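Examining the three-dimensional arrangement
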Amino acid sequence: MKSEVARAAAWDCAVVGAGAAGLVAALFAARGGARTIVLEAKEKPGAKIRISGGGRCNVLPSVVELADFHTSGSTHALRNVFATWPLERVREFFEDELGLALYVEPDTGKVFPKSDDAGEVLERLLAALHGAGARLECGAKLARLERLDPAASDARATTEVAPGSRPRFRLSADDGREFLARTVILATGGLSVPKTGSDGHGLALARELGHALVPTHPALVPLFSADPRFAGLSGIALRVRLTAKRGDRELETRENDFLFTHKGFSGPVVLDLSRHVTAPDASGVRLCAHWLGEHRVDYDELLRRGGKKTVGGLLREELPRRLVAVLCARAGVDPERKASELSRERRQALLRELVDCELPLAGDDGYRTAEATAGGVALEELVTKSLESRRVPGLYLCGEIVDVVGRIGGFNFLWAWVSGRLAGRSAASASLLASES
Ligand SMILES: Cc1cc2nc3c(=O)[nH]c(=O)nc-3n(C[C@H](O)[C@H](O)[C@H](O)COP(=O)(O)OP(=O)(O)OC[C@H]3O[C@@H](n4cnc5c(N)ncnc54)[C@H](O)[C@@H]3O)c2cc1C
């Protein structure tokens, strides 16, 4: 073992994971003067960047506020991290420094590359990374991360380490290769879409090193319907105000596009609120829909003043025909009945279906398709001005491995870029300080 370590290369900074967060972390570590290596488990870097935004990569949002993110930790800490790299500066970084032309999609405010090609985002990041002198090792899955005792003989055995700048970590890849580093950045992502490489292994490593984890669960995930009548509406899209409630308490309300699928419910508004019902403590949590309709009418008034018009006729002016049929059936109302003949009780039942319709849920699509992971390494485990671990000096964490999740619209990449840059800069400063001491 000793001889293998002696042959191992020593680095100022080793970044684990060449996803969005890891690539930016490595770029800024290298720009900060640190000799930097990136270890990536897959044969190619940035798999999730490539498939993001339907192959177009929604790089950023055009507007951001703290409410676009969720963490079980301190929102104050989160604000401090985002303050290190304001949205406009991040955009300038992509446009001016990486030369990536961007545009804002008018309807959604999402920012995409002008080429509409996620591959270009990755290529520009990789070019910058190489330009900064960082090395990328693909097919190197980190199997073990050990802290080295500075006084230990095997750490000193490394001939490539300058005096006074001993490595603090030994990283062992699953193919037997070993790397020594003064600082390590864990950017291994969460659990969503594991075929892209984020299989939760990094979370297990973080736990082994003593970090508290907030329980993980799928976020931004399509939901299944328990009522086959809804599943029969596949393909219908409409504007909905969706509220997550526990009892009568509103947890979160958002208005956006809603999509019926052959299995249930999707679309941005469903994805955004899905984490409430996938959470381990989700018992008693409901998602309730207000189907907004064409003219955003007051349905109570519409039905009261409907007179001789049929209930179905009135509602079909606002909502898709097939949805009207299902809502009437669920409320026990004959759509061909005149509005004036509706009993108070039936009108109330129908109104509930129209403005406070509890979605009948039967699970979710899981990590297979979830666009993000909620939970992860607790923010409290990190020093927020540097993203250094409070448990393991010299170790930094960024991106989806941390308990921060954004909503649909470029927010998760924004977190990856901002936290990656902060971790990279901090690790570079720390490793250079160590080499001077
Ligand atoms: C289908 C899909 C579409 C999306 N579209 C968007 C979008 O348009 N806009 C947006 O903002 N967000 C989007 N997201 C979310 C966004 O992609 C993620 O939040 C973001 O990529 C997280 O970056 P990360 O670097 O933290 O993790 P990841 O991108 O998951 O990268 C982690 C990397 O670490 C590597 N790794 C893991 N374990 C090890 C190990 N032990 N050793 C070495 N390497 C390891 C993995 O192989 C992987 O390359 C999408 C997600 C999905 C699944």
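Residues numbered from 1 in each chain as written. Predicted model: local features only at pLDDT ≥ 70, side-chain atom pairs only at ≥ 80, totals over all residues. Heavy atoms only, no water.

1. Brief notes about the sheet that holds strand S15 (residues 264-266)
The strand order across the open sheet built from 7 strands is S17-S16-S13-S14-S15-S12-S18, with neighbouring strands paired in antiparallel fashion. What marks the edges here is a single partner per strand, and that holds for strand S17 (357-358) and strand S18 (361-364). Here strand S16 (residues 285-291) pairs with S17 via 2 bridges, running antiparallel. Bridging across to S17, Cys 288 finds its partner in Glu 358. The strands that helix H10 (residues 268-278) touches are strand S12 (223-225), strand S13 (237-246), strand S14 (249-260), S15, S16 and S18; relative to S14, the one it contacts most, it runs at about 140 degrees. Contacting S16 and S17, helix H14 (residues 344-355) crosses the sheet at an angle of about 95 degrees to S16. (Pairing = 2+ DSSP bridges. Helix = DSSP H or I, 4+ residues; strand = E, 2+ residues; numbered from the N terminus. Contact = heavy atoms within 4.5 Å. Axes fitted to C-alpha atoms, helices over the stretch in contact; angles between N-to-C directions.)

2. Quick notes on the packing of aromatic side chains
Evaluation of the coordinates by the stated rule reveals 18 aromatic pairs. Their ring planes at 75 degrees and their centres at 5.1 Å tell us that Phe 93 and Phe 94 sit as a pair that is edge-to-face. When its relative accessible area of 2% is taken as the criterion, Phe 93 is described as buried. Between the aromatic rings of Phe 413 and Trp 417, the centroid separation amounts to 5.2 Å while the plane-to-plane angle is 20 degrees, which identifies the pairing as stacked. (Phe/Tyr/Trp six-rings, centres within 6.5 Å; stacked < 30°, edge-to-face > 60°. Buried < 20%, exposed > 50% of the residue type's maximum accessible area, 1.4 Å probe, protein only.)

3. Quick look at the domain arrangement of the protein
What the domain assignment reports for the protein is domain 1 (2-216 + 376-436) and domain 2 (223-364). Taken together, the contacts link 7 residues of domain 1 with 6 residues of domain 2. Buried surface at the junction of domain 1 and domain 2, both sides included, amounts to about 530 Å², of which 56% is carbon and sulfur. Area buried by domain 1 at its contact with domain 2 is led by His 70, Arg 407 and Ile 408, which between them contribute 71% of it. (Domains from an automatic or database assignment. Buried area = accessible area lost by both parts, 1.4 Å probe.)

4. Notes on the pattern of salt bridges
A full pass over the atoms with the stated rule returns 34 salt bridges. Across the salt bridge formed by Glu 120 and Arg 124, the nearest N and O atoms sit 3.0 Å from each other. In this pair, Glu 120 and Arg 124 are both assigned in helix H6 (residues 118-131), 4 residues apart and thus about one turn of the helix distant. A relative accessible area of 30% places Arg 124 in the partly exposed class. A salt bridge links Glu 137 to Arg 135, with the shortest nitrogen-to-oxygen separation between them at 3.0 Å. Accessibility expressed as a relative area gives 15% for Glu 137, which makes it buried. Put simply, Arg 239, Arg 241, Glu 255, Asp 257 and Arg 296 are held in one network by salt bridges that share partners. (Salt bridge = Lys/Arg side-chain N within 4 Å of Asp/Glu carboxyl O.)

5. Here we look at the site of the ligand
Not every one of the 33 residues close to the ligand is listed here, only the nearest: Ala 21, Glu 40, Leu 142, Glu 400 and Phe 413. Glu 40 is positioned such that a nitrogen or oxygen atom in its side chain is 2.5 Å from an oxygen atom of the ligand. A distance of 3.1 Å separates a nitrogen atom of the ligand from a polar atom in the backbone of Ala 41. With the chains in place, 95% of the 1,000 Å² that the ligand exposes on its own is no longer accessible. Only helix H2 (20-31), strand S2 (36-40), helix H3 (47-51) and helix H15 (411-436) provide two or more residues apiece to the shell around the ligand. No other element matches the 3 residues that H15 contributes to the shell around the ligand. Partitioning the shell around the ligand into residue classes produces 13 nonpolar, 14 polar and 6 charged. (Near = heavy atom within 4 Å. Polar contact = N/O pair within 3.5 Å; in protein donor to acceptor, adjacent residues only side chain to side chain. Areas by Shrake-Rupley, 256 points an atom, 1.4 Å probe, with all protein chains shown as cover. Nonpolar A, V, L, I, M, F, W, Y, C, P; charged D, E, K, R; others polar.)

6. Quick notes on the environment of Leu 180
Inspection of the secondary structure puts Leu 180 in strand S10 (residues 178-186). Once the C-alpha coordinates of Leu 180 and Val 297 are considered, the two residues, 117 residues apart in sequence, prove to be 65 Å apart.

7. Section: the side chain of Thr 243
Here Thr 243 is to be found in strand S13. Ignoring sequence-local partners within four residues, the contact set of Thr 243 consists of Glu 250, Glu 252, Thr 253, Leu 273, Arg 286, Leu 287 and Cys 288.

8. Let's talk about the environment of Ser 343
Considering the arrangement of structural elements, one finds Ser 343 in the loop between helix H13 (321-331) and H14. A polar atom in the side chain of Ser 343 sits 3.0 Å from the backbone nitrogen of Arg 346.

9. Quick word on H14
A rise of 1.5 Å per residue sets the reference length of H14, with its 12 residues, at 16 Å; its end C-alpha atoms lie 16 Å apart and thus fit the reference within 8%. Among the residues of H14, Arg 347, Ala 349, Leu 350, Leu 351, Glu 353 and Leu 354 are the ones counted as buried. Here the buried face of H14 lies against S16, helix H11 (299-304), helix H12 (311-316), H13 and S17. (Expected span 1.5 Å × (residues − 1).)

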